[in-house]
Amino acid sequence: MSIHIVADTKSIAPTVLLPGDPLRARHIAQTYLTDVTQYNEIRGMFGYTGYWQGHRVSVQGTGMGMPSFSIYANELIDSYGAKRLVRVGTCGTMSEKLKLKDILIAQAADCDSAMNTSRFGSYQYAPTASFELLHRAYEHAKAAGIGFAVGNVFTSDQFYDMHGDQKKQIAQSVGTMAIDMETCELYTLAHLKGVEALTLLTVSDSLLTGEQVNPKERQSTFNAMVDIALLTLFS
Ligand code: HPA
């Protein structure tokens, strides 16, 4: 057990899907997994373990933002032996090449968080995905014929940011395609701790037009992304 996940050590699989929203964790467990057990409910941050086509997999809510995400990822890796972590979340697009409802396979993460400054000082570390997982996700997304892109995400500390427009311009100038609030921490921890990580994001809103995907469509695009995540991990 750990501070924020109260479970038996062996009750979490080495492969973990990580949605931000704990209700999405429940949705994934109910929709995709068999023989499911719920191993965590502390703070309502549900975690489940079950089987997808015979493969043991866990799904753990992480909350929003790098600090919350970091707590769950640290504990999953250090206390429960997680080896492959795949974030399944949403992002806002900043690129004409990434449309609403498309999937972004996040290759690397830019960041404005103080977390990596505190870790690395002036050293500008580049947090990247596991190449093997990224490559497999690319092949599965291509085969599925869905709208997707491989590119960088800007992991922001602030959803409501008074300097948001300025940061968007910088991000666009280096070809960064979308914004989320967690991927930089996932990729950084994965490298520090020697595990594999990937982020898949469905585009829920546009920073170009202000459009948002409605909740019903969000669910179906989210499901398409979970399909890609599970295929990436197990086939
Ligand atoms: N900003 C930050 N994170 C997000 C967004 C956004 O517009 N959409 C989904 N996650």
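Since we're looking at a predicted model, the values are computed, not measured.

Together, Met1, Val6 and Ile42 make up an exposed nonpolar region whose accessible area comes to about 270 Å². Along the chain, Met1 turns up in the segment before strand S1 (15-18). When its relative accessible area of 66% is taken as the criterion, Met1 is described as exposed.

This part takes up the UniProt feature "domain: Nucleoside phosphorylase" (unreviewed entry) in the chain. The UniProt feature table records "domain: Nucleoside phosphorylase" (unreviewed entry) at residues 16-220. Note that residues 16-220 is 36% helix and 31% strand, and that its end C-alpha atoms are spaced 21 Å apart.

Right, let's talk about the pattern of salt bridges for a bit. When the charged atoms of two side chains with opposite charge come close together, those side chains can pair. Counted under the stated rule, the structure contains eight salt bridges. The closest approach of N and O atoms between Lys167 and Asp112, which form a salt bridge, is 2.8 Å. One end of the pair, Lys167, is in helix H5 (residues 164-173); the other, Asp112, is in the loop between strand S6 (103-111) and helix H3 (114-120), and 55 residues separate them in sequence. Given a relative accessible area of 22%, Lys167 falls into the partly exposed group.

To continue, consider the pairing of strand S9 (residues 196-206). Burial within S9 is extensive, with 10 of its 11 residues counted as buried. Bridging between strand S5 (residues 84-93) and S9 involves 10 bridges; their strand directions are parallel. Bridge pairing in S9 places Val88 opposite Leu200. The sheet contact formed by S6 and S9 spans four bridges and is antiparallel. When the sheet's bridge partners are listed, Ile103 is paired in S9 with Thr202.

The end-to-end C-alpha distance of helix H4 (residues 131-144) is 20 Å, a good match for the 20 Å that 14 residues give at a rise of 1.5 Å each. Three or more residues of H4 are buried, namely Leu133, Leu134, Ala137, His140 and Ala141. The buried side chains of H4 occupy one side of the element, clustering within an arc of 130 degrees when seen end-on. Projecting away from the buried face of H4 at angles above 90 degrees are the exposed residues Phe131 and Ala143. Where H4 is buried, its residues contact S5, S6, strand S7 (148-155), S9 and helix H7 (215-234). Just beyond H4, the residue with positive phi is Gly145, at close to 70 degrees.

Each value, and the rule that gives it
Residues numbered from 1 in each chain as written. Predicted model: local features only at pLDDT ≥ 70, side-chain atom pairs only at ≥ 80, totals over all residues. Heavy atoms only, no water. Patch = residues over 30% accessible without salt bridge, like charges linked within 9 Å, V, L, I, M, F, W, Y side chains within 5 Å. Areas by Shrake-Rupley, 256 points an atom, 1.4 Å probe, with all protein chains shown as cover. Salt bridge = Lys/Arg side-chain N within 4 Å of Asp/Glu carboxyl O. Helix = DSSP H or I, 4+ residues; strand = E, 2+ residues; numbered from the N terminus. Buried < 20%, exposed > 50% of the residue type's maximum accessible area, 1.4 Å probe, protein only. UniProt positions renumbered as here; feature names shortened; annotations may be inferred. Pairing = 2+ DSSP bridges. Expected span 1.5 Å × (residues − 1). Arc of directions from axis to C-beta. Contact = heavy atoms within 4.5 Å.

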